[in-house]
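This is what each chain is made of:
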Amino acid sequence: MGDLRAKVAFREEPPLDLPPDVAADVGDSVRNPPSLIESLHLDPQSVTWMFVALLLLSGGIAFLIGLGEEHPYLAAYRTTAERLRELEQEIETDLAGSERAKEAEATMGARGGARRAAHEARLYAVDDLYEAAAHAYLDGVAMESGDPAVTEAAMRLSRQWPLLPH
(Lines give C-alpha, C1' and ligand atoms only; values in the text may rest on other atoms or scores of the structure.)
Protein backbone atom coordinates (compact mmCIF):
# COMPACT_ATOMS: atom_id res chain seq x y z
CA MET A 1 0.00 0.00 0.00
CA GLY A 2 2.92 2.31 0.66
CA ASP A 3 4.24 1.62 -2.84
CA LEU A 4 0.82 2.33 -4.33
CA ARG A 5 0.62 5.58 -2.40
CA ALA A 6 4.10 6.58 -3.66
CA LYS A 7 3.08 5.84 -7.24
CA VAL A 8 -0.03 7.99 -6.90
CA ALA A 9 1.90 10.82 -5.28
CA PHE A 10 4.70 10.70 -7.90
CA ARG A 11 2.39 10.51 -10.86
CA GLU A 12 3.44 12.92 -13.57
CA GLU A 13 0.80 15.32 -14.74
CA PRO A 14 0.70 15.90 -18.50
CA PRO A 15 1.33 19.47 -19.62
CA LEU A 16 -1.75 21.58 -20.11
CA ASP A 17 -2.92 22.26 -23.64
CA LEU A 18 -3.38 25.98 -23.70
CA PRO A 19 -4.27 28.11 -26.66
CA PRO A 20 -1.19 29.83 -28.14
CA ASP A 21 -2.27 33.30 -27.08
CA VAL A 22 -2.78 32.17 -23.39
CA ALA A 23 0.43 30.12 -23.39
CA ALA A 24 2.41 33.23 -24.29
CA ASP A 25 0.89 35.17 -21.38
CA VAL A 26 1.41 32.54 -18.66
CA GLY A 27 4.66 31.21 -17.42
CA ASP A 28 6.13 27.75 -17.65
CA SER A 29 4.88 26.84 -14.16
CA VAL A 30 1.24 26.98 -15.29
CA ARG A 31 1.78 25.14 -18.57
CA ASN A 32 3.98 22.48 -16.99
CA PRO A 33 2.83 22.21 -13.32
CA PRO A 34 5.20 20.44 -10.88
CA SER A 35 4.06 17.14 -9.35
CA LEU A 36 2.92 16.93 -5.75
CA ILE A 37 6.20 15.36 -4.69
CA GLU A 38 8.30 17.96 -6.50
CA SER A 39 6.43 20.75 -4.76
CA LEU A 40 7.00 19.04 -1.37
CA HIS A 41 10.63 18.15 -2.22
CA LEU A 42 10.26 14.42 -1.35
CA ASP A 43 11.65 11.29 -2.93
CA PRO A 44 9.64 8.07 -3.62
CA GLN A 45 11.30 5.99 -0.90
CA SER A 46 10.57 8.46 1.90
CA VAL A 47 6.89 8.58 0.88
CA THR A 48 6.72 4.76 0.83
CA TRP A 49 8.34 4.38 4.25
CA MET A 50 6.27 7.18 5.73
CA PHE A 51 3.06 5.52 4.59
CA VAL A 52 4.23 2.11 5.86
CA ALA A 53 5.09 3.69 9.22
CA LEU A 54 1.68 5.35 9.32
CA LEU A 55 -0.05 2.03 8.67
CA LEU A 56 2.02 0.25 11.32
CA LEU A 57 1.42 3.02 13.84
CA SER A 58 -2.35 3.10 13.29
CA GLY A 59 -2.50 -0.71 13.35
CA GLY A 60 -0.49 -0.81 16.59
CA ILE A 61 -2.74 1.78 18.20
CA ALA A 62 -5.83 -0.14 17.10
CA PHE A 63 -4.32 -3.33 18.49
CA LEU A 64 -3.57 -1.68 21.84
CA ILE A 65 -7.06 -0.21 22.02
CA GLY A 66 -8.41 -3.67 21.27
CA LEU A 67 -6.34 -5.11 24.11
CA GLY A 68 -7.45 -2.44 26.54
CA GLU A 69 -11.15 -2.78 25.90
CA GLU A 70 -13.01 -5.93 25.02
CA HIS A 71 -15.24 -6.09 22.02
CA PRO A 72 -18.82 -4.97 22.75
CA TYR A 73 -20.28 -8.27 21.54
CA LEU A 74 -17.87 -10.22 23.73
CA ALA A 75 -18.68 -7.99 26.71
CA ALA A 76 -22.42 -8.48 26.13
CA TYR A 77 -21.95 -12.26 25.85
CA ARG A 78 -19.83 -12.38 29.01
CA THR A 79 -22.32 -10.23 30.94
CA THR A 80 -25.20 -12.40 29.76
CA ALA A 81 -23.38 -15.59 30.73
CA GLU A 82 -22.57 -14.23 34.20
CA ARG A 83 -26.15 -13.07 34.73
CA LEU A 84 -27.42 -16.48 33.60
CA ARG A 85 -25.16 -18.19 36.16
CA GLU A 86 -26.42 -15.84 38.88
CA LEU A 87 -30.03 -16.53 37.96
CA GLU A 88 -29.42 -20.29 37.95
CA GLN A 89 -27.91 -20.03 41.44
CA GLU A 90 -30.91 -17.99 42.61
CA ILE A 91 -33.26 -20.62 41.19
CA GLU A 92 -31.34 -23.40 42.97
CA THR A 93 -31.46 -21.43 46.22
CA ASP A 94 -35.18 -20.79 45.79
CA LEU A 95 -35.84 -24.46 45.02
CA ALA A 96 -33.92 -25.56 48.11
CA GLY A 97 -35.85 -23.04 50.19
CA SER A 98 -39.17 -24.23 48.81
CA GLU A 99 -38.22 -27.85 49.54
CA ARG A 100 -37.35 -26.93 53.12
CA ALA A 101 -40.66 -25.06 53.42
CA LYS A 102 -42.58 -28.08 52.09
CA GLU A 103 -40.81 -30.37 54.56
CA ALA A 104 -41.54 -27.95 57.39
CA GLU A 105 -45.18 -27.73 56.33
CA ALA A 106 -45.49 -31.51 56.15
CA THR A 107 -44.15 -31.92 59.69
CA MET A 108 -45.90 -28.87 61.13
CA GLY A 109 -48.69 -30.86 62.77
CA ALA A 110 -46.28 -33.35 64.34
CA ARG A 111 -44.00 -30.56 65.56
CA GLY A 112 -46.98 -28.67 67.00
CA GLY A 113 -48.13 -31.81 68.82
CA ALA A 114 -44.62 -32.39 70.16
CA ARG A 115 -44.45 -28.81 71.39
CA ARG A 116 -47.81 -29.13 73.10
CA ALA A 117 -46.77 -32.39 74.73
CA ALA A 118 -43.49 -30.87 75.92
CA HIS A 119 -45.35 -27.86 77.32
CA GLU A 120 -47.83 -30.08 79.15
CA ALA A 121 -44.97 -32.20 80.50
CA ARG A 122 -43.31 -29.06 81.88
CA LEU A 123 -46.60 -27.98 83.46
CA TYR A 124 -47.09 -31.42 85.04
CA ALA A 125 -43.51 -31.34 86.33
CA VAL A 126 -44.14 -27.94 87.96
CA ASP A 127 -47.43 -29.23 89.42
CA ASP A 128 -45.64 -32.28 90.80
CA LEU A 129 -43.01 -30.03 92.41
CA TYR A 130 -45.72 -27.97 94.08
CA GLU A 131 -47.51 -31.15 95.24
CA ALA A 132 -44.28 -32.53 96.67
CA ALA A 133 -43.62 -29.23 98.43
CA ALA A 134 -47.16 -29.19 99.88
CA HIS A 135 -46.82 -32.79 101.16
CA ALA A 136 -43.40 -32.00 102.62
CA TYR A 137 -44.94 -29.02 104.38
CA LEU A 138 -47.74 -31.17 105.83
CA ASP A 139 -45.22 -33.79 106.95
CA GLY A 140 -43.20 -31.08 108.65
CA VAL A 141 -46.30 -29.68 110.36
CA ALA A 142 -47.26 -33.18 111.55
CA MET A 143 -43.76 -33.82 112.93
CA GLU A 144 -43.25 -30.49 114.64
CA SER A 145 -46.73 -29.97 115.95
CA GLY A 146 -47.33 -30.93 119.55
CA ASP A 147 -51.08 -31.04 119.17
CA PRO A 148 -52.55 -34.47 118.19
CA ALA A 149 -55.50 -32.85 116.39
CA VAL A 150 -53.15 -30.89 114.10
CA THR A 151 -51.05 -34.00 113.45
CA GLU A 152 -54.15 -36.06 112.59
CA ALA A 153 -55.51 -33.33 110.29
CA ALA A 154 -52.14 -33.02 108.53
CA MET A 155 -51.94 -36.80 108.06
CA ARG A 156 -55.50 -36.95 106.71
CA LEU A 157 -54.76 -34.12 104.26
CA SER A 158 -51.48 -35.68 103.07
CA ARG A 159 -53.31 -38.92 102.08
CA GLN A 160 -55.31 -37.23 99.36
CA TRP A 161 -53.66 -36.68 95.99
CA PRO A 162 -53.53 -34.10 94.48
CA LEU A 163 -53.48 -31.92 97.47
CA LEU A 164 -53.50 -28.61 95.58
CA PRO A 165 -56.38 -27.57 93.31
CA HIS A 166 -55.70 -27.42 89.54
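Up top you'll find the structure we're talking about.
Thresholds, definitions, all that
Residues numbered from 1 in each chain as written. Predicted model: local features only at pLDDT ≥ 70, side-chain atom pairs only at ≥ 80, totals over all residues. Heavy atoms only, no water. Helix = DSSP H or I, 4+ residues; strand = E, 2+ residues; numbered from the N terminus. Buried < 20%, exposed > 50% of the residue type's maximum accessible area, 1.4 Å probe, protein only. Contact = heavy atoms within 4.5 Å. Areas by Shrake-Rupley, 256 points an atom, 1.4 Å probe, with all protein chains shown as cover. Patch = residues over 30% accessible without salt bridge, like charges linked within 9 Å, V, L, I, M, F, W, Y side chains within 5 Å. Salt bridge = Lys/Arg side-chain N within 4 Å of Asp/Glu carboxyl O. Polar contact = N/O pair within 3.5 Å; in protein donor to acceptor, adjacent residues only side chain to side chain. Expected span 1.5 Å × (residues − 1). Core = buried A, V, L, I, M, F, W, Y, C linked by side-chain atoms within 4.5 Å. Axes fitted to C-alpha atoms, helices over the stretch in contact; angles between N-to-C directions. Parallel < 35°, antiparallel > 145°, perpendicular 65-115°, else oblique. Left-handed = near helix turned anticlockwise from the far one by under 90°.

**Quick word on the overall build of the chain**
Inference 1: Within the chain, the regular secondary structure consists of 8 helices and 0 strands.
Inference 2: Counting from the amino terminus, helix and strand elements in the chain follow one another as α-α-α-α-α-α-α-α.
Inference 3: Counting all 166 residues of the chain, 11% fall into the buried class.
Inference 4: Counted over contacts in the chain with a minimum sequence separation of 6, partners at least 24 positions apart contribute 57%.
Inference 5: For the chain, the exposed surface amounts to about 13800 Å²; the carbon and sulfur share of it is 64%.

**Re a nonpolar patch on the surface**
Inference 1: A cluster of nonpolar side chains, Leu57, Ile61 and Ile65, forms an exposed patch at the surface whose accessible area comes to about 310 Å².
Inference 2: With respect to the element layout, Ile61 can be found in helix H5 (residues 44-68).
Inference 3: Classification of Ile61 by relative accessible area gives partly exposed; the value is 44%.

**A look at the pattern of salt bridges**
Inference 1: Taken as a whole and judged by the stated rule, the model has 2 salt bridges.
Inference 2: Arg83 is the partner of Glu86 in a salt bridge, and the nearest nitrogen-oxygen pair spans 3.3 Å. Here the residue Glu86 and the residue Arg83 both occupy positions in helix H6 (residues 72-106), the gap between them amounting to 3 residues, near one helical turn.
Inference 3: Relative accessible area serves as the criterion here: at 42%, Arg83 is assigned to the partly exposed category.

**Brief notes about the side chain of Thr151**
Inference 1: Its location among the elements puts Thr151 in helix H8 (residues 148-159).
Inference 2: A distance of 3.1 Å separates a polar side-chain atom of Thr151 from the backbone oxygen of Asp147.
Inference 3: What Thr151 contacts, discounting residues up to four positions off in sequence, is Ala142 and Ser145.

**Details of H5**
Owing to its 3.6 residues per turn, the α-helix aligns residues three or four sequence positions apart on the same side.
Inference 1: Taking 1.5 Å of rise per residue, 25 residues should cover 36 Å, and H5 covers 36 Å from first to last C-alpha, within 8% of that figure.
Inference 2: All of the buried residues in H5 are Val47, Thr48 and Phe51.

**A short note on the nonpolar core**
Inference 1: Among the nonpolar cores identified, the biggest contains 5 residues, and these are Ala134, Leu138, Ala142, Ala154 and Leu163.
Inference 2: In terms of residue count, the dominant contributor to this core is helix H7 (residues 108-144) (3 residues).
Inference 3: What Ala134 contacts, discounting residues up to four positions off in sequence, is Leu163 and Leu164.

**A closer look at the packing of H7 against H8**
When two helices pack together, you describe them by how their axes are tilted relative to each other and by the distance separating the axes.
Inference 1: Put simply, H7 and H8 touch, their axes get as near as 8 Å, and they point 160° apart. When the axes of H7 and H8 are compared, the pair comes out roughly antiparallel. In this structure, the crossing between H7 and H8 has a hand that is left-handed. Counting all contacts with H7, which are made through His135, Leu138, Asp139, Val141 and Ala142, the residues of H8 involved are Val150, Thr151, Ala154, Met155, Leu157 and Ser158.

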